[in-house]
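If you want the building blocks of each chain, they are given just below.
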Amino acid sequence: MSLNIRLKKLLTGGIGNGFHNNGKSGLKAIDLFAEVPFQHELQFLYDNLELKIGHLDRKAITITSSTMGEGSSTLAAYYALQLARGHFHPVNGANGSSGEATRDVLLIDANFRHPSIHDLFDIENRIGFADLLRKKVEMRNCITYLEHANLNIITTGQDANRSIKEFNSEALKNVMSQLREHFAYIIIDSAPVLSNLDTIAMTQLTNGLALVVRAETT
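The structure contained in this document is the topic of the report that follows.

Here is what the cut-offs are and how they apply
- Residues numbered from 1 in each chain as written.
- Predicted model: local features only at pLDDT ≥ 70, side-chain atom pairs only at ≥ 80, totals over all residues.
- Heavy atoms only, no water.
- Phe/Tyr/Trp six-rings, centres within 6.5 Å; stacked < 30°, edge-to-face > 60°.
- Helix = DSSP H or I, 4+ residues; strand = E, 2+ residues; numbered from the N terminus.
- Buried < 20%, exposed > 50% of the residue type's maximum accessible area, 1.4 Å probe, protein only.
- Pairing = 2+ DSSP bridges.
- Salt bridge = Lys/Arg side-chain N within 4 Å of Asp/Glu carboxyl O.
- Axes fitted to C-alpha atoms, helices over the stretch in contact; angles between N-to-C directions.
- Parallel < 35°, antiparallel > 145°, perpendicular 65-115°, else oblique.
- Contact = heavy atoms within 4.5 Å.
- Nonpolar A, V, L, I, M, F, W, Y, C, P; charged D, E, K, R; others polar.
- Expected span 1.5 Å × (residues − 1).

Right, let's talk about the packing of aromatic side chains for a bit. Centre distance and the angle of the planes are the two values used to describe a pair of aromatic rings. Counted by the stated rule, this structure contains five aromatic pairs. Relative to Tyr-79, the ring of Tyr-46 lies with its centre 6.5 Å away and its plane at 40 degrees, an arrangement referred to as tilted. Placement of Tyr-46 in helix α2 (residues 39–53) and of Tyr-79 in helix α3 (residues 72–85) is noted, with a sequence separation of 33 residues between them. Given a relative accessible area of 1%, Tyr-46 falls into the buried group. Ring pairs connect the aromatic residues Tyr-46, Tyr-79 and Phe-88, which therefore count as one cluster.

Quick look at the pairing of strand β5 (residues 185–189) now. Residues in a regular strand project their side chains so that they alternate between the two faces of the sheet. Here β5 lies mainly inside the structure; five of its five residues are buried. Here β5 shows no split at all, with Tyr-185, Ile-187 and Asp-189 on one side and Ile-186 and Ile-188 on the other all buried. Of the strand pairs in this sheet, strand β1 (residues 59–65) and β5 are connected by five bridges, and their pairing is parallel. Note that in β5 the partner of Ala-60 across the bridge is Ile-186. When strand β2 (residues 105–109) meets β5, the two strands line up parallel, connected through five bridges.

Enumeration over the complete set of coordinates arrives at five salt bridges. Its salt-bridge partner being Lys-136, residue Asp-131 comes within 3.9 Å of it at the nearest N-O pair.

Positive phi values are uncommon outside glycine, yet Lys-135 reaches one of about 60 degrees. Structurally, the position occupied by Lys-135 is in the loop between α5 (129–133) and β3 (144–146). A residue is classified by how much of its surface remains accessible, and Lys-135, at 69% relative accessible area, is exposed. Notably, Asn-150 is not glycine yet its phi reads approximately 55 degrees, a positive angle. The topology assignment puts Asn-150 in the loop between β3 and β4 (151–154). Relative accessible area serves as the criterion here: at 14%, Asn-150 is assigned to the buried category.

To continue, consider the pairing of β1. With seven of seven residues buried, β1 lies mostly within the body of the structure. Side-chain alternation along β1 places Lys-59, Ile-61, Ile-63 and Ser-65 on one buried face and Ala-60, Thr-62 and Thr-64 on a second face that is also buried. Inspection of the sheet shows β1 paired to strand β6 (residues 208–212) by five bridges, in the parallel sense. Looking at the pairing, Thr-62 lines up with Leu-209 of β6.

Glancing now at the packing of α2 against α3. With their axes 11 Å apart at the nearest point, α2 and α3 run at an angle of 80 degrees to one another. On the basis of the axis angle, α2 is roughly perpendicular to α3. In this structure, α2 contributes Gln-39, Leu-42, Leu-45, Tyr-46 and Leu-49 to the contact, and α3 contributes Leu-75, Tyr-78, Tyr-79, Gln-82 and Leu-83. Here the residues of the contact of α2 with α3 are counted per class, giving eight nonpolar, two polar and no charged.

Next up on the list: the environment of Lys-173. Of note, Lys-173 is situated in helix α6 (residues 170–182). By relative accessible area, Lys-173 is classed as partly exposed at 44%. Taking C-alpha positions, Lys-173 is 9.7 Å from Gln-204, a pair spaced 31 residues apart along the chain.

Before going further, it helps to examine α3. Because an α-helix completes one turn every 3.6 residues, residues spaced three or four positions apart along the sequence face the same direction. Between its first and last C-alpha, α3 extends 20 Å over 14 residues, near the 20 Å set by a 1.5 Å rise per residue. A large share of α3 lies buried, amounting to 14 of its 14 residues.

Fair warning: the whole summary comes from geometry, so function is off the table for now.
As structure tokens, then:
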């Protein structure tokens, strides 16, 4: 039985084995000036997402996987980066802001158990999303803006609690509502869905879910 039928969802495409160079062997920092080796596949993912939610003015997408090491963090990072730089071609019939760079893109690391976005972009992980959920900091104090990438990033925060209690409270709803007021497109790198209920809570507050599945392994 095909994966399309099993999942009852649209299979948005595949990426070559080189994509997993950042996988279980250890994440490496992204070269922000290098050409993305799977730009075509990212465009295909963008096309499918925009055809579903392109009519929305404010969008939030959760990117996750079933287990660790499947590449969801790498995909989230590159997708947000290309979106912020305006490297996606517009989709016919969608109201997306592709084709031009915009400072309205935010990448959030919501994987409290195994944060990696700060490693991929070589930035500090001192304060972040966990602190924002606990109302320990204001939003502007936990956002890192990378001018050379034209991208806003919120890391997990150094003192990220591994409990899911923050995701079961009104705090998450309030924070997401606040972020939507300031950013047109939010990309959330979430924990693997099979072992983390917090990912389920996150998807209920976003407009779409991209599930990264490793071929012939998962």
